[in-house]
Amino acid sequence: MAKKRVLVAHPRVTASGGGNAVAAWTLQAFREQHDVSLATLEPVDLQAVNRSWGTSLQAGDFRVHLVPPRYRHLLRALPTPGALLEICLLMRLARSLTSRQSYDVLFCTHNEADFGRRGINYVHYPWVYLPRPPHEMRWYHRIPGAVVAYRRLCRRISRGTDEGLRRNLSVTNSSFIADRVRAVHGIDSVVVFPPVTSEFPDIAWERREPAMIAVGRMNGSKRWETAVAIVEEVRRRGHALGLTLVGHRDDPEYQRRLEDLAAPRPWFRMRLDLTRDELRMAVASHRYGIHSMEDEHFGMGPAEILRAGCLLFAHNSGGPVEIVGGESRLLFDDVNDAADKITRVLSSAVLESELRARMAVRRDLFTVERFCDAVREIVDRFE
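Residues numbered from 1 in each chain as written. Predicted model: local features only at pLDDT ≥ 70, side-chain atom pairs only at ≥ 80, totals over all residues. Heavy atoms only, no water.

*Asks:* Sorry if this is basic, but what is going on with the pairing of strand β3 (residues 63-66) here?
*Replies:* Along any regular strand, the residues point their side chains to alternate faces of the sheet. Pairing of strand β2 (residues 35-40) with β3 involves four bridges; the strand directions are parallel. The residue bridging Ala39 from the neighbouring strand is His65, located in β3. The parallel pair β2 and β3, bridged by helix α2 (residues 46-53), forms a crossover whose chirality is right-handed. (Pairing = 2+ DSSP bridges. Helix = DSSP H or I, 4+ residues; strand = E, 2+ residues; numbered from the N terminus. Right-handed = clockwise from strand over helix to strand, strands pointing away.)

*Asks:* Would you mind going over helix α4 (residues 83-100) with me for this structure?
*Replies:* Residues that lie three or four places apart on an α-helix share one face, since the helix turns once every 3.6 residues. For α4, which comprises 18 residues, the first-to-last C-alpha distance of 26 Å matches the rise-based estimate of 26 Å (1.5 Å per residue) to within 8%. Residues Leu84, Leu85, Glu86, Ile87, Cys88, Leu89, Leu90, Met91, Leu93, Ala94, Leu97 and Thr98 constitute the buried set of α4. The elements touched by buried residues of α4 are β1 (5-9), β2, β3, α3 (69-77), β4 (105-108) and α5 (146-158). (Expected span 1.5 Å × (residues − 1). Buried < 20%, exposed > 50% of the residue type's maximum accessible area, 1.4 Å probe, protein only. Contact = heavy atoms within 4.5 Å.)

*Asks:* In this structure, what is going on with the side chain of Ser52? I would like to understand it.
*Replies:* Tracing the chain through its elements places Ser52 in helix α2. A polar contact of 2.6 Å, which involves the side chain of Ser52, links it to the backbone oxygen of Ala15. Residue contacts for Ser52: discarding those within four places in its chain leaves Ala15, Thr197 and Arg276. (Polar contact = N/O pair within 3.5 Å; in protein donor to acceptor, adjacent residues only side chain to side chain.)

*Asks:* It is not clear to me how helix α15 (residues 368-381) should be interpreted in this structure. Could you clarify?
*Replies:* With 14 residues, α15 extends 20 Å from end C-alpha to end C-alpha; this agrees with the ideal 20 Å at 1.5 Å per step. The inward-facing, buried residues of α15 contact β1, α1 (18-30), β4, β5 (120-123), β6 (169-172) and β7 (189-191).

*Asks:* I tried to follow the pattern of salt bridges on my own but got confused; where do I start?
*Replies:* One side chain can pair with another of opposite charge once the charged atoms of both are near each other. This model, assessed by the stated rule, comprises 30 salt bridges. Note that Arg217 is salt-bridged to Asp250, the shortest N-O span being 2.8 Å. Of this pair, Arg217 sits in the loop between β8 (209-215) and α8 (224-236) while Asp250 sits in the loop between β9 (243-247) and α9 (252-262), placing them 33 residues apart in sequence. Exposure remark for Arg217: the relative accessible area of 36% places this residue in the partly exposed category. Several salt bridges converge on common partners, so that one network encompasses Glu233, Arg236, Arg237 and Asp340. (Salt bridge = Lys/Arg side-chain N within 4 Å of Asp/Glu carboxyl O.)

*Asks:* Help me understand the packing of α8 against helix α13 (residues 335-346), please; the structure alone is not making it clear to me.
*Replies:* Any two packed helices are characterised by the angle at which their axes cross and by the distance between the axes. Here α8 crosses α13 at 50 degrees, and the two axes come no closer than 9 Å. With respect to α13, the element α8 is oriented oblique. Note that α8 runs across α13; the crossing there is right-handed. Between α8, through Thr226, Ala229, Ile230, Glu233 and Val234, and α13, the contact on the second element is made entirely by Val335, Asn336, Ala338, Ala339, Ile342, Thr343 and Leu346. Residues that form the contact of α8 with α13 fall into these classes: eight nonpolar, three polar and one charged. (Axes fitted to C-alpha atoms, helices over the stretch in contact; angles between N-to-C directions. Parallel < 35°, antiparallel > 145°, perpendicular 65-115°, else oblique. Left-handed = near helix turned anticlockwise from the far one by under 90°. Nonpolar A, V, L, I, M, F, W, Y, C, P; charged D, E, K, R; others polar.)

Here it is in structure tokens:
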């Protein structure tokens, strides 16, 4: 089979954020079979990316096309990060590249893009979907007319249309997001779970700490105070359960609130900015995991917890429902519901063993190998 010329579009391929793991492993999946180029906003630190995501990308694996300097000046002039503007500038760059060079496949790994012709979009959350999730709302969303004007400007810069977005092949990170894409664009999607990039040590259940672990950013959208309340309620019911929160610094004010919660609770520990090796060992050393965010798009943190062999309890919404295969005994609606289900498992070795066996068969759904095979097949079949 002849090599295809593939243009991958992604704003920034960096060492943090699940979307960047998707971009890095997409590049790695294509590098041997296809002639790959990357359209992006900034140069790629391959050493940092490889160290974080476990890839082995090299400078000769793909060509890098950066947006013109005037685009970067425009982004720096904004008073706040402009994610929509970034993707729209990326669309403009991709359109410019395709007008000068012949690509067989155009593949955006950061939500929808209109390339001026049919392409492939990997959608984490559709950017045209309204209303936006509450945790994405900022002060400027409350300025009358500001968001409408901003979106209109971005559309004009991108030269994209709704019809252009709809003609693409849509790939989503979960059925939850596929439903959002169907609602806003009226098209179906292929679900390809993101790659969980960590390989976890195999620690026997008996040697693991009988405690909960949570993984994610220090951001209020994750609702970590709810996880604390759940564990506190389980402890009130007679189980000496602890909670370890592993995360990256994101919102200093929210982090201080969590530190205030941790101060009088020695069973609640916070470990911030761990290396990948430290993260792997921390997760694999626990028996149980918890994820308290509502309507998580997919959830790399909970997927890592499950891959490490922990028993994951998650809010009954969004992508984590799919991570545990809709297992109702591991999904909760509120603090009391979560405490009921966790207490039930802690009180029954038989139930715990049954749920562990059910989750073990799901661990291989989130490997990098499965992800790479899936995106390669999609590109091979794309016309």
